[in-house]
Amino acid sequence: MIVSKTTAPFLALLLVSSAYAIENVKVTGEAKYWYQTTVKDISGQPSGKFFQRESSVGVAAAELGVSADLLEGLKGKVSVMALDSLGLEKSFVKDISSAGAGVEDNGYYRTQVWITEANLDYKIGNTSAIVGRQALNTPLLFTERWNASYNTFDAAVLMNSDIPYTTLVAAYVHQHNGGASAGNATATNFPSTTMHNGSYYGFGSTYNSTTKEVTDEKNRAYAFGAIVKPVKDLAMNLWYYDINSMFNAYWIDAEYKISGMFFGIQNSGIDVATAGVDNAMVTAAKVGYTLDKLTLDVAYSTTATGNTGTAIITNAATGDKSKVYTQSVFQDGAVVGSRDTDVWRAGAAYQFDGFKISTSYQDVRQATKDGTEVDIIATAKVAQYVNLTGMYIHQDVDEKTATDFKNDAFRLIASVKF
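Residues numbered from 1 in each chain as written. Predicted model: local features only at pLDDT ≥ 70, side-chain atom pairs only at ≥ 80, totals over all residues. Heavy atoms only, no water.

### Structural notes on the pairing of strand E18 (residues 294-303)
Relative to E18, strand E17 (residues 280-291) is paired through 10 bridges, and the arrangement is antiparallel. Opposite Lys286, over in E18, you have Ala299 as the bridge partner. Taking the residues that link successive antiparallel strands as the turn, the E17-E18 hairpin has two residues, and the phi of Asp292 there is positive, at about 55°. Inspection of the sheet shows E18 paired to strand E19 (residues 341-351) by nine bridges, in the antiparallel sense. Within E19, the position partnered with Tyr300 by the bridge is Trp344. (Pairing = 2+ DSSP bridges. Helix = DSSP H or I, 4+ residues; strand = E, 2+ residues; numbered from the N terminus.)

Dropping the structure here:
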């Protein structure tokens with residue numbers, strides 16, 4: 001099991017605290033198998049067939065977590081993640097879907113175990129502080145849970161709600177294990193949410209796929225936010241980020257709900273310190289309506305123009321997903337946050353008894369290519385503990401200076417929670 005130098009002190013403190021009265025102990029866990037099969041069609045020549053080894057990725061994941069009240073106002077939490085290919089890379093899948101970058105070839109499919117969370121949460125009055133390894137959910141720095149494993153951060157977060165209708169947040173992020181920023185792929189170029197064995201690095205770290213080595217740039221991040229809810233059903237977020245030696249960024253949004261209607265607007269910009277890289281900005285809006293079990297929405301986003309190498313507005317920990325309204329499964333944050341990009345997305349969802357079906361259509365227009373995507377997603381809960389998710393994704397890309405292609409994929413996820 002991998003235990004970083006920054007995590008070890010918090011584990012020790014948890015053990016010391018456990019010598020005192022422990023109350024409200026909660027044990028949670030989840031076991032799942034994550035699988036995707038994809039066929040890419042280039043000029044009428046498909047790359048393979050569905051559900052065959054050469055077209056598939058997959059991995060089994062298990063997580064166990066314990067939380068408890070340690071002292072008055074003090075809570076502790078520890079979670080452990082394990083991944084294993086189950087030997088299926090020899091016959092069923094070609095690659096794992098996460099935690100591939102940053103390891104020698106002969107260790108690629110071995111069982112991986114790491115501590116995803118280990119933190120102390122102390123609250124006094126209207127102020128709380130969470131210190132240690134934890135998940136984050138801020139607009140430009142957040143934990144992604146779409147893959148088999150999810151990324152977390154070694155951080156200290158302070159929150160205060162003394163000002164009426166306002167929560168102030170200040171965060172220092174020492175390092176993280178987001179895979180994309182250090183390599184963004186497993187061996188078959190599937191976007192990896194976490195590094196191999198959950199290894200943690202500073203921001204801006206890079207992975208050399210030839211030497212299998214990671215260069216730790218040791219850049220740290222600071223985030224400051226204000227979550228404002230001045231009236232019922234109106235919420236606003238204002239965030240500022242400083243990632244050492246890399247960039248400064250801001251995020252502003254406002255969302256209002258009334259009589260089943262939803263109105264939202266977002267704006268974000270990045271000021272890059274790297275020479276030769278242009279700054280970036282994205283603006284998005286969304287309108288939605290919910291009637292009983294039916295939800296409809298339409299969203300639009302646009303980004304500023306820039307030269308090749310312009311910064312991309314996406315999750316700074318992975319370079320992959322985004323909080324922008326218009327992202328889809330394949331054409332996600334790295335696409336909608338790119339320079340000179342206009343995106344329309346329309347979606348619909350219906351909640352049946354026991355399961356939900358949602359679908360969306362996305363149209364992306366860029367300087368170098370245009371692309372459309374259709375997503376159909378079904379989720380169901382069987383009995384009390386079993387969750388099933390099935391997706392069909394169709395992507396059609398018109399390359400203006402290269403060969404056009406289409407992607408069709410099925411993604412299946414089965415999990416048991418307790």
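### Comments concerning the packing of aromatic side chains
This model, assessed by the stated rule, comprises 15 aromatic pairs. Ring centres of Trp34 and Phe190 lie 5.7 Å apart, and the angle between their planes is 70°; this geometry places the pair in the edge-to-face category. Here the residue Trp34 occupies a position in strand E1 (residues 23-42), and Phe190 occupies one in the loop between strand E10 (166-176) and strand E11 (206-208), the gap between them amounting to 156 residues. A relative accessible area of 0% means that Trp34 is categorised as buried. Summarising the aromatic geometry, the rings of Tyr172 and Tyr222 are spaced 5.3 Å apart at their centres and angled 45° between planes, so their arrangement reads as tilted. Taken together, the positions of Tyr172 in strand E10 and Tyr222 in strand E13 (residues 221-228) put the pair 50 residues apart, joining distant regions of the chain. On the basis of relative accessibility, which here comes to 30%, the residue Tyr172 falls in the partly exposed class. Residue class for Tyr222 comes out partly exposed when judged on its relative accessible area of 31%. Site record: aromatic cluster; members linked through ring pairs are Tyr35, Phe50, Phe51, Phe92, Tyr392 and Phe410. One residue, Arg133, lies across the ring of Tyr200, its end atom 3.4 Å from the ring centre. (Phe/Tyr/Trp six-rings, centres within 6.5 Å; stacked < 30°, edge-to-face > 60°. Buried < 20%, exposed > 50% of the residue type's maximum accessible area, 1.4 Å probe, protein only. Lys NZ or Arg CZ within 6 Å of the ring centre and 35° of its normal.)

### A short note on the environment of Pro46
Along the chain, Pro46 falls in strand E2 (residues 45-46). Sequence-wise, Pro46 and Lys32 are 14 residues apart; in three dimensions their C-alpha atoms are separated by 30 Å. In this structure Pro46 touches Val39, Lys40 and Asp41, once residues within four positions along its chain are discounted. (Contact = heavy atoms within 4.5 Å.)

### Focus: the pattern of salt bridges
A full pass over the atoms with the stated rule returns 10 salt bridges. Note that Glu54 and Arg53 form a salt bridge whose closest N and O atoms lie 2.7 Å from each other. The salt bridge partner of Asp154 is Arg133, with a shortest N-O separation of 2.8 Å. In this pair, Asp154 sits in strand E9 (residues 153-160) while Arg133 sits in strand E6 (residues 127-134), placing the two residues 21 residues apart along the sequence. With respect to burial, Asp154 and Arg133 carry one shared label: buried. One network of salt bridges, with partners in common, ties together Asp363, Arg365, Asp370 and Lys400. (Salt bridge = Lys/Arg side-chain N within 4 Å of Asp/Glu carboxyl O.)

### Observations regarding the environment of Tyr250
Summarising the element assignment, Tyr250 is placed in strand E15 (residues 247-258). For Tyr250, a relative accessible area of 29% gives the class partly exposed. The spatial distance from the C-alpha of Tyr250 to the C-alpha of Trp239 is 5.4 Å, given a sequence separation of 11 residues. Sequence-distant contacts of Tyr250, that is, excluding residues within four places in its chain, are made with Leu140, Trp239, Tyr240, Asn267, Ser268, Gly269 and Met281. At 2.6 Å, the side chain of Tyr250 forms a polar contact with the side chain of Asn267. (Polar contact = N/O pair within 3.5 Å; in protein donor to acceptor, adjacent residues only side chain to side chain.)

### Re a nonpolar patch on the surface
Residues Ile22, Val25, Val27, Leu64, Val66, Tyr385, Val416 and Phe418 make up a contiguous nonpolar surface patch of roughly 700 Å² in combined accessible area. Inspection of the secondary structure assignment puts Val27 in strand E1. (Patch = residues over 30% accessible without salt bridge, like charges linked within 9 Å, V, L, I, M, F, W, Y side chains within 5 Å. Areas by Shrake-Rupley, 256 points an atom, 1.4 Å probe, with all protein chains shown as cover.)

### Quick notes on unusual backbone geometry
We note that Asn197 has phi near 60°; this positive angle belongs to a residue other than glycine. In the Ramachandran plot, Asp340 falls in the positive-phi region, its phi being about 50° despite a non-glycine side chain. Relative to the assigned elements, Asp340 resides in the loop between helix H2 (333-336) and E19. For Asp340, a relative accessible area of 27% translates into the label partly exposed.

### Considering the nonpolar core
Among the nonpolar cores identified, the biggest contains 33 residues, and Leu141, Phe153, Val173, Tyr241 and Ile270 are the most heavily contacted of them. When contributions to this core are tallied by element, the ones reaching two or more residues are E9, E10, E13, strand E14 (234-243), E15, strand E16 (261-272) and E17. For Tyr241, the contacting residues outside a window of four places in its chain are Thr138, Pro139, Leu140, Leu141, Tyr222, Ala223, Phe247, Asn248 and Ala249. Residues Val59, Met81, Tyr200 and Ile413 belong to the second largest nonpolar core, which totals 17 residues. (Core = buried A, V, L, I, M, F, W, Y, C linked by side-chain atoms within 4.5 Å.)

### Remarks on the side chain of Gln134
On the secondary structure map, Gln134 appears in strand E6. The class of Gln134 is buried, set by a relative accessible area of 4%. A distance of 3.2 Å separates a polar atom in the side chain of Gln134 from the backbone oxygen of Gly132. A distance of 3.0 Å separates the side chain of Gln134 from the backbone oxygen of Ala155, its partner in a polar contact.

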